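So you can see what is in the structure, the chains are spelled out below.
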Amino acid sequence: HGTELAQLAEASLVGANIAQMAARFAGKDDELARLVREQQDLGRKLATAEATRVSALSAASAQGDAESEAQLQKDIDTERAELARRDGEIAARFPAYQALTSQKPVSATEAQALLAPNEAMVVYMLVKRQAFAWVVRHDRVDFIELPTNRPDVITQVQFIRSKLQPDDAGKLPEIAPATSNTLYKAIFAPLEPSLAGASKIILVPPQGALQGIPFGALGDGEGAGGHWLAKRYAFEVLPSVSSLRAL
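**Q** So what exactly am I meant to see when it comes to the overall build of the chain here?
**A** Helices and strands together make up the secondary structure of the chain, namely 7 helices and 5 strands. Tracing the chain from N to C terminus, the helices and strands come up as α-α-α-α-α-β-β-β-α-α-β-β. Across the chain, the fraction of contacts at a sequence separation of at least 24, relative to all contacts at a separation of at least 6, is 68%. For the chain, the exposed area adds up to about 12700 Å²; of that, 54% sits on carbon and sulfur atoms.

So this is what it looks like as C-alpha cells:
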C-alpha cells in the first residue's frame, strides 16, 4: 500500500541515522559494522526504488506504461527480499542491535484501527518533481497528489522561517496568516476535503523541510480574512508512522 511506500522512504533516513549511531557504539565489532553498512545501502536503494514507483504510478494513469511498472515492481521485490535476508542475519547474530534499529512499517488497516473518528493521520512524501500525501481516517485512506515538489517546499519553508527571526532587540515580528498561505495552498489545502470531521491531525512529515515549520502556523486565507490552522486543528507530529502504535 502507498502509505507503506512513504514509510519505507522515511524510515530509510530515520533508520539510517539510528543505525549509524548504534554502529559507532558497536564500532569495535567489524562484522556488525560491515553488515550495518550493507543494510543501509540496501535500505537506500529500496527507498529510491519506492519513490520512483510512486512517481511512476502517477504518470502511469496518463501513459499506461504497464511494462515499466512491472519492471519497477520486480526491482522492488528483489530489494525487499535481499533486505529481509540481511535483516534476518543481523537479528540472528546481533538481536539487541536489530531491536534498536527496526523500522517495520504500519499497514493502512492497522493505522485506521488506531485512529478515532475525529482523528486523521497525514503521511507526506516529497520527491524532486512531485509531492504526495496520504490522509488516513478510521474508515478510509485517500491518496492526494500535491501541486508542489521538494525544491518549492524548501523555498517556502525558508521564506516563512525568515519571517520568524527576532530582530536585534530579540523581539519577534508580527506576521499574518497570509504570510504562510502559499505553503498552505501547496501542502494542506488539497487535503481539507479528506479532513472533514477531524479535529486532531497526526502528522508524519518526511525528513527535511517540513519538519522545520509548525503546521498550526500555516494560514488558510489571503489578506485579512485568513486564520491560523491552529484555530481549527490540534496537531501532533510523530517521527514515524510506527510511532502511532505507542500513542
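Now that the structure is up, let's keep going.
**Q** Would you mind going over the packing of aromatic side chains with me for this structure?
**A** Any aromatic ring pair is given by two values, namely how distant the centres are and how the planes are angled relative to each other. Per the counting criterion, the structure on display carries 8 aromatic pairs. Judged by centre distance (5.6 Å) and plane angle (20°), the ring pair of F132 and F143 falls under stacked. You can see F132 sitting in strand β2 (residues 131-137) and its partner F143 sitting in strand β3 (residues 140-146), a full 11 residues away along the chain. When the ring of F215 is compared with that of F235, the centres are 6.1 Å apart and the planes differ by 40°; the resulting orientation is tilted. Here F235 lies in strand β5 (residues 234-237) and F215 lies in the loop between β4 (200-204) and β5, a separation of 20 residues in the sequence.

**Q** Is there a simple way to explain the side chain of Q130 in this structure?
**A** When you line up the elements, Q130 lands in the loop between β1 (119-126) and β2. Owing to a relative accessible area of 17%, Q130 belongs among the buried residues under this scheme. At 3.3 Å, the side chain of Q130 and the side chain of E145 are in polar contact.

**Q** Please explain the pairing of β4 as it appears in this structure.
**A** Sheet faces and side chains relate simply in a regular strand, where the side chains alternate between the two faces. Counted residue by residue, β4 has 4 buried out of 5 residues, so it is predominantly covered. In terms of strand pairing, β4 meets β5 through 4 bridges, oriented parallel. By the bridge assignment for β5, I201 is matched with F235.

**Q** Mind showing me how you'd approach the pairing of β3 here?
**A** Here 7 bridges tie β2 to β3, and the two strands are oriented antiparallel to one another. Bridging from a neighbouring strand, A133 pairs with I144 of β3. Between β2 and β3, which pair antiparallel one after the other, the connecting turn spans 2 residues.

**Q** Help me out: how do you make sense of the pattern of salt bridges in this one?
**A** Any two side chains of opposite charge can pair, so long as their charged atoms come close to each other. For the coordinates displayed, the defined rule picks out 18 salt bridges. The salt bridge partner of R85 is E89, with a shortest N-O separation of 4.0 Å. Placement of both R85 and E89 in helix α3 (residues 66-93) is noted, with a separation of 4 residues, approximately one turn of the helix. Its relative accessible area of 44% is what places R85 among the partly exposed residues. Overlapping salt bridges bring together E31, R34, E38, E82, R85, R86, E89 and R93 as one network.

**Q** Looking at this structure, I do not really get helix α6 (residues 150-163). What am I missing?
**A** Here α6 spans 20 Å end to end across 14 residues, near enough to the 20 Å set by a 1.5 Å rise per residue. Taken together, the buried positions of α6 are V153, V157 and I160. The arc enclosing the buried residues of α6, seen along the axis, measures out at 65°, which places them on a common side. Residues of α6 that are buried make contact with β1 and α7 (181-187). Between the side-chain oxygen of the N-cap and the backbone nitrogen of D152 there are 2.9 Å, and the N-cap of α6 in question is N149.

Conventions we followed
Residues numbered from 1 in each chain as written. Predicted model: local features only at pLDDT ≥ 70, side-chain atom pairs only at ≥ 80, totals over all residues. Heavy atoms only, no water. Helix = DSSP H or I, 4+ residues; strand = E, 2+ residues; numbered from the N terminus. Contact = heavy atoms within 4.5 Å. Areas by Shrake-Rupley, 256 points an atom, 1.4 Å probe, with all protein chains shown as cover. Phe/Tyr/Trp six-rings, centres within 6.5 Å; stacked < 30°, edge-to-face > 60°. Buried < 20%, exposed > 50% of the residue type's maximum accessible area, 1.4 Å probe, protein only. Polar contact = N/O pair within 3.5 Å; in protein donor to acceptor, adjacent residues only side chain to side chain. Pairing = 2+ DSSP bridges. Salt bridge = Lys/Arg side-chain N within 4 Å of Asp/Glu carboxyl O. Expected span 1.5 Å × (residues − 1). Arc of directions from axis to C-beta.

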